[in-house]
Amino acid sequence: MSQLTEVTTAPEAATAPAVTTAPDELVGPLERGLAVLRAVATGPGTRHRPGDLVRTTGLARSTVDRVATTLVRLGFLRTEDRDLLLAPRSAELGNAYLAVCAFLEALGPRAEALADELDESVSVAVPDGDGVRFIAQAARRRAMAISFRVGDLLPAERCAPGALFAADWDDVQRERWRARRLHDPLDTDFPALPPRPAGAEPASEKVEADFVARVRQAREDGFAVDSRLIEPGLIAVSLPVRDPAGAVVCAVSVVSHTSRHSAESLTARVLPPLRAAVATMEAALRTPSANGTPATATAVRPPHSGSALKEELGAGFLQSLARGLDVLCAFGSLDGPARLADLARLTGLPRATARRSLITLRHLGYVQEDADGFRALPRVLELGYARLSGLTLAGIATPHLAELVDRVHESASLAVLDDDEIRYVARVASTRIMHIDITVGTRLPAYATSMGRVLLAALPDDQREARLARVTPEALTPRTVATPEALAKAVAATARLGYAWVEQELEEGLRSIAAPVTNGGGQVVAAVNVALHAGRATGEESLATLLPHLLETAARISADLAAVGRFSPVPTG
Ligand code: PHB
C-alpha cells in the first residue's frame, strides 16, 4: 500500500509506472528549483546568467531570481560576478541515489581491479528511462577523445549497455524510446555526447533496425558490443550484472580504442576476465548487506530548512524548496529504501510536508515508491553530479578561499603534505603586498609552516613520530622552533587546539594561521591558512579576528569535499 495514496486522486495512480498527470499537491517551488538546477547542470558551459535560465526553463525572471537566491543560500549554487554556477553541495543530490547502490560497494573495487588487469577503462552503468547512466568509472584514458563521467547519460541505442537493458523493455518502453528518437534525432538532450553535425542524423528506420538487431544479438550472446556507436575510435564490450532474482541491475563495460583493438579482438580479450568480475559482483549482491533492509542511517550534512534563513531573507527565500531538497538529500543518509517516517525524522519535517515533497519528487522521476518504501532514482544524477565529480581539491577550495580573502583581506591558501614538505594546491592572494612569493606548486618545509604543523599533527602517531625524527629543523629565523623536542611539543599543541599559529618562523615578519580540512571519512587531507604581515596587529588580535573565519572556511571546504568525494575520488591536483 502506497504511503502517498491518501493524497493521490485515484488508487491506481500510486502504483502506475509513471505519473503523467500533475497531482494536486505538487510543491511548485520544489519543481521550479529542480528545473533551475537541472538547467545549470546540463546547459552548455558552466556559467549561467539568470536571463539564460529564464530562456531554458521558461520561468519568469522574478521566479528564477527567488529560486537562485534560495539555491545559493543553501549551497547548491554559487555566484561568480553575475553568473550562477553549480556548487559542490549539489553532489548530495546524486549521492541520494548512489547511497542505496549497495552493489557499488561490491562493484567499484572490482571495476578498478579489472581496469588494472586489462589496462583499459571499465565503467558501470544503470538503466535510466530509455537511457544509460554511468554510476562508476575506472578510467585508463589514452588515445581516446571522449571520456564519460559518473552521472553522464547516453542514449540506449548508442552504447553497449543500452542493448542489454533494452532486451528487457516492454512495449511501453519501446514506444517511449521511439518517441524520444523522433523528437530528438540529433541527440541534443544528451550533453555528454559529442554533437552530431546538423544534417548528419542517420535515417530513423536504420537506427531502429540496427538497434533491434543489436538487442536481439545481445539477448542471444549474453553480452553486447559497441563498435564505434559514439565516435569513430570508441569500442566497448558490456556484460549485465543480475540481482538474485535474475533482474539486470547494471552493466559493466570495458572500453577501448580502435588503435589498440578491433571490436572482435577486444571481445576475445576481455570477455573471460569480465565474466569472472561479474560473477564476483553477483555473489556480492547475494550477501544480505547488499539488499540492506531495513535501512540504516549515516549522518550527512544536517538539513538546512531551518526557519532562520526564512526569517533573514523573507519572501526571497523559498522554504518549501529548501524542505524538498532536504527530503531528497535525506535519501543519501540511508542505505536502503526509506519509509515516510524515516524521511520525516531525518529532516525534522512534519510527515505531511515530507509527503508532499515526495509526491513532487516522484512526479518528476527522481524518486520511486515500491513495496519496501521510497528510493531515489538514477535520474537525480542529472542535477549536476557529472560536472561536480570532475572537480579537483583546488577546484573545490578556490571559491571558498576567495570568499575568505574577501572577508579578511589577507591571502589564503590550501596545501597538502608531500613527504617532509607542504605543497600549495590552491591560493588566492589579497591585494596587499606580501613578502613571500607563493604560487600553486610551491613547496615549503612542513615543520616551519602553520599548514605543515596542522598536517603533521593529523598523522597517525607512528608516522608523525617517524617524520619528526627524520627532520632536522633549521633556525630559518631567530623564532623558528628548531629543536626536535620543541617541534614535537608545537605539533602536539596544534593537535590539541585544532589549529596552528606560526609566528615569524619561516620568514621574519610573516605570520600564518592554519586549520585542517577533512574528507567525508574525517581524515585530514589538506590544510587551509591565512598568511599576513606580522606588523599589522598583535598575534592575539590576528588570532581573534581571523580564526573564526578560517575555521568556517575549513568546515565549508570539508563539507564540499565530503559531498563530492563520497562516491567519486577527488584528485588533489
Ligand atoms: C564508457 O564507459 O565510456 C563507455 C561504456 C560503454 C560504451 C561506450 C562508452 O558503449
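Model, not experiment: these values are computed from the prediction.

Moving on: the overall build of the protein chain. Helix and strand counts for the protein chain come out as 19 helices and 16 strands. Here the C-alpha radius of gyration of the protein chain, 26 Å, is about what a compact globule of 573 residues would show, namely 25 Å. On the principal axes, the C-alpha backbone points of the protein chain span a range of 80 × 60 × 50 Å. The 573 residues of the protein chain split such that 51% are buried. Residue pairs in contact within the protein chain that sit at least 24 positions apart in sequence constitute 65% of those at least 6 positions apart. For the protein chain, the computed accessible surface area is about 24900 Å², with 53% contributed by carbon and sulfur atoms. Separation of charge centres in the protein chain, based on 62 positive and 69 negative side chains, amounts to 2 Å.

This paragraph deals with the pattern of salt bridges. This model, assessed by the stated rule, comprises 43 salt bridges. Across the pair arginine 180 and glutamate 157 runs a salt bridge whose closest N-O atoms are separated by 2.9 Å. Here arginine 180, found in helix α7 (residues 171–183), pairs with glutamate 157, found in the loop between β5 (153–155) and α6 (160–166); they are 23 residues apart in sequence, far enough to count as distant. Summarising the burial analysis for this pair, arginine 180 and glutamate 157 share the class buried. Each of Arg47, Arg49, Arg78, Glu80, Asp81 and Asp83 takes part in salt bridges that share partners, so that together they form one network.

Moving on, we come to unusual backbone geometry. Even without being a glycine, aspartate 81 presents a positive backbone phi close to 55°. With respect to the secondary-structure elements, aspartate 81 resides in the loop between β1 (77–80) and β2 (83–86). In this structure aspartate 81 comes out as exposed when scored by relative accessible area, which is 71%. Although it is not a glycine, aspartate 419 sits at a positive phi angle of roughly 60°.

Pairing is antiparallel in the open sheet, where 6 strands are placed in the order β5-β4-β3-β8-β7-β6. With partners counted over all chains shown, the strands left at the sheet margins are β5 and β6 (224–227), one partner each. Here the strands of the sheet are splayed against their neighbours by 30° on average, with no regard to which way each runs. Relative to strand β4 (residues 131–138), strand β3 (residues 121–128) is paired through 7 bridges, and the arrangement is antiparallel. Within β4, the residue paired with aspartate 128 across the bridge is glycine 131. Its contacts with the sheet place helix α9 (residues 263–286) against β6, β7 (234–242) and β8 (248–257), and it is angled at close to 25° to β7.

Our next topic: the domain arrangement of the protein chain. Interface extent is often summarised as the accessible area lost during association of the parts. When cut into domains, the protein chain gives domain 1 (11–95 + 293–388), domain 2 (103–290) and domain 3 (393–565). The distance between the C-alpha centroids of domain 2 and domain 3 comes to 45 Å.

Taken together, 6 strands build an open sheet; the order of strands is β13-β12-β11-β16-β15-β14 and the sheet is antiparallel. Looking at the sheet topology across the chains shown, the edges are occupied by β13 (443–445) and β14 (500–503). Averaged over neighbouring strand pairs, the angle between their axes works out to 30° when direction is ignored. Where strand β11 (residues 411–418) meets strand β16 (residues 524–533), 5 bridges bridge the pair, whose relative direction is antiparallel. Paired with alanine 415 across the two strands is alanine 527, which belongs to β16. Here helix α19 (residues 539–565) sits on the sheet in contact with β11, β14, β15 (510–518) and β16, set at roughly 30° to β15.

Side chains that are nonpolar tend, in soluble globular proteins, to be buried together. By size, the foremost hydrophobic cluster in this structure holds 116 residues, and its most contacted members are Phe331 and Leu414. The dominant element in this core, judged by the number of residues it contributes, is α19, at 9 residues. Judged by nonpolar contacts, the second largest core, of 30 residues, contains Leu154, Phe165, Phe190 and Ala224.

One way to put it is that helix α1 (residues 28–42) packs onto helix α13 (residues 351–363) with a least axis distance of 9 Å and a crossing angle of 40°. Our classification of the angle between α1 and α13 gives oblique. When the axes of α1 and α13 are compared, the crossing they make is right-handed. Note on element contacts: α13 touches α1 through Ser357, Thr360, Leu361 and His363, opposite Leu30, Glu31 and Leu34. A per-class count over the contact of α1 with α13 returns 3 nonpolar, 3 polar and 1 charged.

Criteria and cut-off values
- Residues numbered from 1 in each chain as written.
- Predicted model: local features only at pLDDT ≥ 70, side-chain atom pairs only at ≥ 80, totals over all residues.
- Heavy atoms only, no water.
- Helix = DSSP H or I, 4+ residues; strand = E, 2+ residues; numbered from the N terminus.
- Rg over C-alpha atoms; globule rule 2.2 N^0.38 Å.
- Buried < 20%, exposed > 50% of the residue type's maximum accessible area, 1.4 Å probe, protein only.
- Contact = heavy atoms within 4.5 Å.
- Areas by Shrake-Rupley, 256 points an atom, 1.4 Å probe, with all protein chains shown as cover.
- Lys, Arg positive; Asp, Glu negative; His and termini not counted.
- Charge placed at Lys NZ, Arg CZ, Asp CG, Glu CD.
- Salt bridge = Lys/Arg side-chain N within 4 Å of Asp/Glu carboxyl O.
- Pairing = 2+ DSSP bridges.
- Axes fitted to C-alpha atoms, helices over the stretch in contact; angles between N-to-C directions.
- Domains from an automatic or database assignment.
- Core = buried A, V, L, I, M, F, W, Y, C linked by side-chain atoms within 4.5 Å.
- Parallel < 35°, antiparallel > 145°, perpendicular 65-115°, else oblique.
- Left-handed = near helix turned anticlockwise from the far one by under 90°.
- Nonpolar A, V, L, I, M, F, W, Y, C, P; charged D, E, K, R; others polar.

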